[in-house]
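Working through the structure, step by step
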Amino acid sequence: MNLEQLRQGRIAVLLGGNSPERDVSLQSGQTVVNALQSLGLEVLTVDPAQPEWAAQLHGVRLAFIALHGPGGDDGSMQGALQTLGIPYTGSGVLGSALAMDKKRSKQLWQGIGLATAGFVALTRDSDWQGIIDRLGKVFVKPACQGSSIGMSSADSANTLRQSF
């Protein structure tokens, strides 16, 4: 879709949402709104955390997804928009879901031979010292969370265990 096509209708910027990354989404979404308005485009802000949010999308030309975290860039919003027949920005349902799931992404990359840093999926029974011995200082990140929410670092077995 080019700029002239976008001028022929409203663009819905989806921002906020219910994830722990709501505040980040509100900020980045407002930046997108400002940029689109500076181009003379008609923009509607839609917060999926509000009741009846989907009804607001009636007649929009495009949905710009500025949501972060679960419910936003994990494939679920993409699936909802596809079901509603509304074109949207970014990756599709499967690409979004895979990108959000760090463990599955790493497994996919390894499976097709792409170089990727070592990783371990932690469980309650993990060999904490063995992980530190093998990887050294590590960064711990929730498998299905975006941004830097829940991220920590560990350079000892005790710190690693506590970060889990």
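Here, the structure is the one placed above.
The paragraphs below set out a description of the structure included in this document. This is a predicted model, so every value here is computed, not measured. (Residues numbered from 1 in each chain as written. Predicted model: local features only at pLDDT ≥ 70, side-chain atom pairs only at ≥ 80, totals over all residues. Heavy atoms only, no water.)

Concerning the environment of Asp 133
By the secondary structure assignment, Asp 133 is in helix 6 (residues 128-135). A residue is classified by how much of its surface remains accessible, and Asp 133, at 58% relative accessible area, is exposed. Here Gln 129 takes part through its side chain, which lies 2.8 Å from a polar atom of the side chain of Asp 133. (Helix = DSSP H or I, 4+ residues; strand = E, 2+ residues; numbered from the N terminus. Buried < 20%, exposed > 50% of the residue type's maximum accessible area, 1.4 Å probe, protein only. Polar contact = N/O pair within 3.5 Å; in protein donor to acceptor, adjacent residues only side chain to side chain.)

So, the layout of surface pockets
Reported here for the largest pocket is a volume of approximately 640 Å³. Considering the residues around the largest pocket, the lining is formed by 26 residues, among which Phe 119, Val 120, Phe 139, Val 140 and Lys 141 are closest to the centre. For the lining of the largest pocket, the elements supplying multiple residues, two or more each, are helix 5 (102-111), helix 6, strand 4 (138-140) and helix 7 (157-163). Among the elements that line the lining of the largest pocket, the one with the most residues is helix 5, at 5 residues. Partitioned by chemical class, the residues of the lining of the largest pocket number 16 nonpolar, 5 polar and 5 charged. (1 Å grid on protein atoms, 1.4 Å probe; cavity = no way out; pocket = protein on both sides within 12 Å on 5 of 7 lines; lining within 4 Å. Points joined across faces, edges and corners; volume = space filled by probe spheres on them. Nonpolar A, V, L, I, M, F, W, Y, C, P; charged D, E, K, R; others polar.)

Some points on the pairing of strand 2 (residues 43-46)
Relative to strand 2, strand 1 (residues 10-14) runs parallel, the two being bridged by 4 bridges. Looking across to strand 2, one finds that Leu 14 is bridged to Val 46. Handedness of the crossover joining strand 1 and strand 2 through helix 2 (residues 22-38): right-handed. (Pairing = 2+ DSSP bridges. Right-handed = clockwise from strand over helix to strand, strands pointing away.)

Regarding the environment of Ile 112
Its location among the elements puts Ile 112 in the loop between helix 5 and helix 6. Each C-alpha atom, one on Ile 112 and one on Leu 6, is 38 Å from the other, the two residues being 106 residues apart in sequence.

With respect to the packing of aromatic side chains
Using the criterion set out here, one finds 1 aromatic pair in the structure. Plain terms: the ring middles of Trp 128 and Phe 164 are 5.7 Å apart, the flat faces sit at 50 degrees to each other, and that makes the pair tilted. Taken together, the positions of Trp 128 in helix 6 and Phe 164 in the segment after helix 7 put the pair 36 residues apart, joining distant regions of the chain. Residue classification places Phe 164 among the partly exposed positions, given a relative accessible area of 44%. (Phe/Tyr/Trp six-rings, centres within 6.5 Å; stacked < 30°, edge-to-face > 60°.)

So, the packing of helix 4 (residues 93-100) against helix 5
Remark: helix 4 packs on helix 5, axes separated minimally by 5 Å, with the N-to-C direction vectors making an angle of 100 degrees. The pairing of helix 4 with helix 5 is recorded here as roughly perpendicular in orientation. Every residue of helix 5 that contacts helix 4 at Leu 98, Ala 99 and Met 100 is listed here: Lys 102, Arg 104, Ser 105 and Leu 108. Residues belonging to the contact of helix 4 with helix 5 are distributed by class as follows: 4 nonpolar, 1 polar and 2 charged. (Axes fitted to C-alpha atoms, helices over the stretch in contact; angles between N-to-C directions. Parallel < 35°, antiparallel > 145°, perpendicular 65-115°, else oblique. Contact = heavy atoms within 4.5 Å.)

Description of the side chain of Asp 101
Structurally, Asp 101 can be placed in the loop between helix 4 and helix 5. Buried charged residue Asp 101 carries no salt bridge. Nearest counter-charge: Arg 104, at 4.1 Å. Only 3.1 Å separates the side chain of Asp 101 from the backbone nitrogen of Arg 104, close enough to count as a polar contact. Once residues lying within four places of it in the same chain are set aside, the contact partners of Asp 101 are Ala 143 and Cys 144. (Lys, Arg positive; Asp, Glu negative; His and termini not counted. Salt bridge = Lys/Arg side-chain N within 4 Å of Asp/Glu carboxyl O.)

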